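# Tertiary structure, described
The lines below spell out each chain.
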Amino acid sequence: MTHSRPGILELLDRHGLSPSRALGQNFVADPNTVRRIVRFAEVTSDTTVIEIGPGLGSLTLALAETGATVVAVEIDRHLIPVLTDVLAGTAATVVHADALEVDFRSLIGAGPATLVANLPYNVSVPLVMRILEEFPEITSLLVMVQREVGERLVAPPRSEAYGAVSVKVAYFAHGSVVARVPASVFVPRPNVESVLVRLIRHEVPAAAQGVAPSRLFDLIKQAFGQRRKMLRSTLKGLLDDAAFDRAGVAGTRRAEELGLDEFAALAREATWTG
Ligand code: SAM
């Protein structure tokens, strides 16, 4: 059984807790939403699941009920006794740690594992990027994030939300927004709508051939530093006219128009010093 709104309020009251805004604590108080998340994550009894920020354990409980191996990483020590209570009788493991620092490999072994989380809003992008960049054992992610953040993660070229983060995500994974979630399902209620984002890691990073990821990402960051300026100006010093020609990308184009493959072509032709 996952927690309904009265259940969440009762748990907070019984443990003398109030949600911490600094830790992005907006608890899901709707069993339907929890069920949807588990369904979209396609968790089965064979899955190893990492959850970031179990909070009061609503999602953790539903994940554990599938028979999956669940390891939940929570930063707030005040929530640990609540989680111990709520998860008693399940096989879920709670680890008191900062998900921005913990070594997930030591928690899941060789993998594969899937990440399922209602992410703390203030650090949702760094958490997703850390998982994608550092833990290839985590092969899929189903995360709930603010709508604006979710749209940025999976935005295609030329769209309003497209930016350096979108290109980096595309490098590692295929991403899509799979559902919208209204603000009314959370306690406390945030000001904005949320979305569920699914990221399926590519077996081999999409544009890996012939370019170090760190260089590709440096070039992408530099290009988006002034997204509406021409690349021949934003990437001056890295590429001259001949290099743009070799890459097959006109220097008059702008970062917001380019897809991952075109950034990779530019990174391959760039002159890197140091
Ligand atoms: N999973 C719960 C739910 O859906 O109701 C809570 C989600 S709440 C949006 C985010 C949770 O992440 C909170 O429990 C918060 O304490 C935790 N958190 C915040 N920053 C964290 C971090 N760096 N590492 C691990 N947990 C974190």
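Every chain is numbered on its own, with residues counted from 1 as its sequence reads. At least 70 in pLDDT is required for a residue's local features to be given in this predicted model, at least 80 for side-chain atom pairs to be given and counted, and no such filter applies to totals for whole chains, interfaces and linings, which use all residues. As a rule here, side-chain values cover all heavy atoms of the structure and leave hydrogens and water aside.

## With respect to the site of the ligand
- Only heavy atoms are used to decide nearness, and a residue is near a molecule or strand if one of them lies within 4 Å of it. In the vicinity of the ligand there are 21 residues, among which Val 28, Gly 53, Glu 74, Asp 98 and Asn 118 approach most closely.
- For the ligand, a nitrogen atom lies 3.4 Å from a polar atom in the backbone of Pro 54.
- One of the backbone N or O atoms of Ile 75 is found 3.3 Å from a nitrogen atom in the ligand.
- In this analysis, the protein atoms alone were mapped onto a 1 Å grid. Cavities are point sets where a 1.4 Å probe fits without being able to get out; pockets are open sets with protein on both sides within 12 Å along at least five of seven lines; lining residues have an atom within 4 Å of a point. Pocket occupancy is defined atom-wise: a molecule lies in a cavity or pocket when more than half of its atoms are within 2 Å of its grid points. In this structure the site holding the ligand corresponds to the largest pocket.
- Put simply, the parts of the chain that give the shell around the ligand at least two residues each are β1 (27–28) and β3 (69–74). We call two N or O atoms a polar contact when they sit within 3.5 Å, provided that within protein one can donate a hydrogen and the other can accept it, with sequence-adjacent residues counted only if both atoms are side-chain atoms. Numbering of helices and strands runs from the N terminus, with a helix taken as a DSSP run of H or I at least four residues long and a strand as a DSSP run of E at least two residues long.

## A few points about helix α8 (residues 164–172)
- Exposure categories follow from relative accessible area, calculated using a 1.4 Å probe and restricted to protein chains: below 20% of the type maximum is buried, above 50% is exposed, and the middle band is partly exposed. Considered for burial, the residues of α8 that qualify are Val 165, Ser 166, Val 167, Val 169, Tyr 171 and Phe 172.
- Contacts from the buried residues of α8 go to α6 (124–134), α7 (147–153), β7 (173–181), β9 (194–201), α9 (213–225) and α12 (260–269). Between two residues, a contact is recorded if the distance between any of their heavy atoms is within 4.5 Å.

## Here's the deal with the layout of surface pockets
- Grid points are joined across faces, edges and corners, and a volume is the space filled by probe spheres set on the points. Roughly 420 Å³ of volume is contained in the largest pocket.
- Leu 23, Gly 53, Glu 74, Asn 118 and Pro 120 are the residues nearest the centre of the largest pocket, which is lined by 32 residues in total.
- Mapped onto the lining of the largest pocket, the elements with two or more residues apiece are β1, β2 (48–52), α3 (58–65) and β3.
- Gly is placed with the polar residues, together with every amino acid not listed as nonpolar (Ala, Val, Leu, Ile, Met, Phe, Trp, Tyr, Cys and Pro) or charged (Asp, Glu, Lys and Arg). Of the residues that constitute the lining of the largest pocket, the class distribution is 20 nonpolar, nine polar and three charged.
- Taken as a whole, the second largest pocket spans an internal volume of roughly 320 Å³.
- Together, 14 residues line the second largest pocket, and Arg 21, Asn 26, Tyr 121, Pro 188 and Pro 190 are the ones closest to its centre.

## Description of the environment of Val 73
- Examined against the element boundaries, Val 73 turns out to sit in strand β3.
- Judged by its relative accessible area of 2%, Val 73 is buried.
- Beyond its immediate sequence surroundings of up to four residues, Val 73 is in contact with Glu 51, Ile 52, Gly 53, Pro 54, Val 95, Ala 97, Ala 99, Val 102, Phe 104 and Leu 107.

## Considerations on the sheet that holds β3
- Following DSSP output, two strands are said to pair if at least two bridges run between them. With mixed pairing, the seven strands of this open sheet are ordered in space as β4-β3-β2-β5-β6-β9-β7. Looking at strand neighbours, the two that pair on one side only are β4 (93–96) and β7, the edges of this open sheet. The mean inter-strand angle of the sheet, taken between neighbouring strand axes irrespective of direction, is 20°.
- Where β3 lies against β4, four bridges are found, and the strand directions are parallel. The partner of Val 71 across the bridge, within β4, is Thr 93.
- Here an angle of 0 to 180 degrees is reported between the N-to-C directions of two axes, which are lines fitted to C-alpha atoms, with helices fitted over the stretch in contact. Packing of α6 onto the sheet brings it into contact with β2, β5 (113–118), β6 (138–146), β7 and β9, and relative to β6 it is tilted by some 175°.
- α8 rests against β7 and β9 of the sheet, and its axis sits at about 115° to β7.

## Regarding the packing of aromatic side chains
- Any Phe, Tyr or Trp ring, taking Trp's six-membered ring, that has another such ring centre within 6.5 Å forms a pair; planes under 30 degrees apart are called stacked, those over 60 apart edge-to-face, and the others tilted. Applying the stated criterion across every chain, the model contains six aromatic pairs.
- Relative to Phe 172, the ring of Tyr 171 lies with its centre 4.8 Å away and its plane at 90°, an arrangement referred to as edge-to-face. Per residue, the accessibility class of Tyr 171 equals that of Phe 172, and both read buried.
- Taken together, the ring pairs in this structure connect Tyr 162, Phe 224 and Phe 263 into an aromatic cluster.
- Both a distance and an angle decide whether a charge sits over a ring: NZ of Lys or CZ of Arg must be within 6 Å of the ring centre and within 35 degrees of the ring normal. Geometry around Phe 217 places Lys 168 over its ring, the cationic atom sitting 4.7 Å from the centre.

## With respect to the packing of α9 against α12
- Relative to each other, α9 and α12 sit at 110°, their axes nearing to 9 Å. One element, α9, and the other, α12, form an angle in the roughly perpendicular class. Taken together, the residues of α12 that come into contact with α9 (itself represented by Leu 216, Leu 219, Ile 220, Ala 223 and Phe 224) are Leu 260, Phe 263, Ala 264, Leu 266 and Ala 267.
- For the contact of α9 with α12, the per-class residue count stands at 10 nonpolar, no polar and no charged. When describing relative orientation, an angle under 35 degrees is termed roughly parallel and one over 145 degrees roughly antiparallel, while 65 to 115 degrees is termed roughly perpendicular and anything else oblique.

## Quick notes on the domain arrangement of the protein
- Domain start and end points were adopted from an automatic or database domain assignment. With domains assigned, the protein is organised as domain 1 (5–202) and domain 2 (207–269).
- Taking only C-alpha atoms, the centre of domain 1 and the centre of domain 2 are 33 Å apart.
- Each partner contributes residues to the interface: domain 1 has 12 residues there, and domain 2 has 16 residues.
- Together, the buried faces of domain 1 and domain 2 total about 1,100 Å²; carbon and sulfur atoms form 68% of this surface.
- When two parts are brought into contact, each loses some accessible area as probed by a 1.4 Å sphere; the total of that loss over both is the buried area. For the domain 1 face of the interface with domain 2, the top three residues by lost area are Tyr 162, Val 167 and Tyr 171, together amounting to 51%.

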